[in-house]
Structure formats: structure tokens, C-alpha cells
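# Tertiary structure, described
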Amino acid sequence: MTKTEPTYRDIEDMGIDTSMIKSCKRLRQLAKLDRIRLDNSEHRTGLNKHLFDYISYCGLDVLTFIKQYLSNLQPYMIERRKDQEPVRTFLCVIDNLYRISVYIKADARQYEELIISFHEDNKRGIAKSNTLIKRNTHEYVPIFADSILSKIENENKYIVKVLAQRGLKVLPIELPALKCQDIFIVEKRQINMQFLSYCNDYIKDLYTSDLELDYDKIEVFTMLQQISFTSYGNDTFSSISLLIDSLNIQPDYISKQTADFALITFIQNLKLTIEQQEELKDLLRRKYLVSDIKKIDIILNRIEENLSLSYNNGL
């Protein structure tokens, strides 16, 4: 990088991907201008609406949440799926930083309004987990900054604030950056590590504070693609989703045993009415119809059985 402000071509020559900047910028603009309608139609698979149900379960208005989500979208989060764009006004992008990719299908009529379908990837009925590849640890990516906090005089060096979003969680992050036309260049790892720390700290609290378990026996999350969309939050469903993700990444019998015990102990200590139990069970069943987790049916059966025990023992 030079002290002067680079152009798009300059950063492309350095291997920085600029292909998603234009599409991402338009999605962000239309979200902020309140030009979004939801596509509530159900796909033939019937598996495309559970994220709507999850957002509602967490007490949020679905359209308001999706507007916020798209307002915080960043170019590095998404890739185009042109094979899913049957007409000129159609735009399909994937936020691929989750265990299962999140599809954002937008019918943008002259790019004046977006008609959004927002769901996890279940192409041809088979959920496709992201390949967990450790990329270049010093990968640089373009972002839209929320604000500039500081600048070094006569240098192209900034500290910017970014509202970074994963699932329901929004983290205000401060990052060193270089300016390039209408975007900034930052190190992707610095964003990812803050979300990984958030999830690992949260699940550590569940293990050590709530469940009084030995956290040292547990394999921690090391990349975003190990964590589901529904795991970023503080509600009951998010906690269960995160505990399932944690169980899924354990490498051996001993750590799996500890993670399973944590999940079941958490479930048994819930105080839910029968109606709340049924709502939670239904949401879990539909969420994990789109899943790549091995033995998920066994895990869900154990959760449902222990939900019933928690009711009988506690209410």
C-alpha cells in the first residue's frame, strides 16, 4: 500500500476482491431507504421460512430486522449466485460466513425496491455446509465504514468504526483501515476474531457460570463457518443453537461427552410452560431440517425428551 489513496484497480492488482462492492452498496442503500418488501411465499421444499420464525421468536419484527441486516451487509460477506438469477432484475447473493449459507434473493425492479427472500441454502433439498478452509490469515477486504474515528495526517491511515453483523448480533468494531475511493480496506481476520471471541466467551459463561463445567475440556470455535446463523444472540434458542454447534465440533469422545452434558443440563434447567416448550420444539425441528450436522435427529430427540423433564421437575 502507498501513502496516497489507491484506486479500485490498484487494490485489485493486490488480490483484493472488488466484485461485490456495487451490489452490496445497492442492497445497503435500498435497505436504508426503506424500499424492501418480504417474499412470504413458501418454497416447494417448505424449508425457507424458519429464519422468519426464528426472528419472530426472538421478539423482533422480521422486516425491521432484515432491513438492519442488509444495512450492515459488507462486500466480503457475500458472493453472487448468477445461476439463481433467472431474469435481469433478479439478484441472488449468499452470506457464506455461517455453517449453512444464508441466501438473500432480491427481485430489484429497476433497483427501486427489493423483494427479499431470506433463508438458508437448501438447494435440491440438501443443505450445503461451507468448506472449512483456512484462508490467508492476512486477507484484506473492502468494507463500508459507519464513521471515521481518526486519521494520521498526510498518511492514508484511518481508524474506522464498522457495525459488523452476524445473525442477530451487531458488534460496533474499531479497525485500522486504508481509504480507497468510497470504501475502506481492512484486515478480515480482525473482524472475524471479534465474533469468534464473542461466541467463545458466551459459551464459556454458559459452561462455567451457569453449568459449572470444566471448560478446558472443550474445543473452542476457530472460524465463523462452525457457527450457525441462529447462534449469534442471547435468547434461549440462540443458546441451544450455539451449544449444538459446540457439540458438533468436538473432536473426541471425552469432549463430546462434556459438550453433550452441557447441552442437556442447560435444557433441564429451563423453566418453560408447555406452550413455550412446543414452540421451541417446533422451531428446532424446522431449523434443523436444513442442517449438515451428523446425528442431528438424535440430538433433537434428546433435547425434546429433556425439555419434558425440565417441565415435570420445575413447573
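Higher on the page you've got the structure.
In what follows, the accompanying structure is described. (Residues numbered from 1 in each chain as written. Predicted model: local features only at pLDDT ≥ 70, side-chain atom pairs only at ≥ 80, totals over all residues. Heavy atoms only, no water.)

What follows is about the sheet that holds strand S7 (residues 147–151). In space, the 5 strands of this open sheet follow the order S6-S10-S9-S8-S7, with antiparallel pairing throughout. The open sheet terminates on both sides in strands that have one partner only, identified here as strand S6 (140–143) and S7. Ignoring which end each strand starts from, the neighbouring axes of this sheet average 45 degrees apart. Across 9 bridges, strand S8 (residues 158–166) lies against strand S9 (residues 169–180) in antiparallel orientation. (Pairing = 2+ DSSP bridges. Helix = DSSP H or I, 4+ residues; strand = E, 2+ residues; numbered from the N terminus. Axes fitted to C-alpha atoms, helices over the stretch in contact; angles between N-to-C directions.)

Here we take up the nonpolar core. Among the nonpolar cores identified, the biggest contains 93 residues, and Tyr69, Phe118, Ile240, Leu263 and Ile303 are the most heavily contacted of them. With sequence-adjacent residues up to four places away left out, Ile303 is seen in contact with Ile240, Ile244, Leu263, Ile267 and Leu284. (Core = buried A, V, L, I, M, F, W, Y, C linked by side-chain atoms within 4.5 Å. Buried < 20%, exposed > 50% of the residue type's maximum accessible area, 1.4 Å probe, protein only. Contact = heavy atoms within 4.5 Å.)

What follows covers the packing of helix H3 (residues 50–57) against helix H4 (residues 62–71). The geometry of H3 relative to H4 is characterised by a closest axis approach of 9 Å and an angle of 105 degrees between their N-to-C directions. For the element pair H3 / H4, the angle class is roughly perpendicular. In contact with Phe52, Ile55 and Ser56 of H3, H4 contributes Val62, Phe65 and Ile66. (Parallel < 35°, antiparallel > 145°, perpendicular 65-115°, else oblique.)

Throughout the structure, instances matching the rule amount to 15 salt bridges. Ionic pairing is found between Glu85 and Arg80, a salt bridge with its closest N-O pair at 2.9 Å. Of the residues examined, Arg80 reaches a relative accessible area of 26% and is grouped as partly exposed. For Arg99, the salt bridge goes to Asp292, with nearest N and O atoms at 3.1 Å. Of the two residues, Arg99 sits in the loop between strand S3 (90–95) and strand S4 (102–108) while Asp292 sits in the loop between helix H8 (274–287) and helix H9 (296–314), which places them 193 residues apart along the sequence. Judged by relative accessible area, Arg99 falls into the buried class, the value being 6%. Residues participating in the shared-partner salt-bridge network are Asp53, Asp282 and Arg286. (Salt bridge = Lys/Arg side-chain N within 4 Å of Asp/Glu carboxyl O.)

Let us now look at unusual backbone geometry. Of note, the phi angle at Asp34 is positive, near 65 degrees, even though the residue is not glycine. Structurally, Asp34 is set in the loop between helix H2 (21–32) and strand S1 (36–38). Although it is not a glycine, Asn154 adopts a positive phi angle of roughly 65 degrees. Here Asn154 shows up in the loop between S7 and S8.

Relative orientation of the contacting elements helix H6 (residues 236–249) and H8 amounts to 45 degrees, with a least axis distance of 11 Å. One finds that H6 runs oblique with respect to H8. The way H6 lies across H8 gives a crossing that is right-handed. For the pair H6 and H8, contact is made by Thr236, Phe237 and Ile240 and by Leu280, Leu283, Leu284 and Lys287, respectively. In the contact of H6 with H8, the residues fall into 5 nonpolar, 1 polar and 1 charged. (Left-handed = near helix turned anticlockwise from the far one by under 90°. Nonpolar A, V, L, I, M, F, W, Y, C, P; charged D, E, K, R; others polar.)

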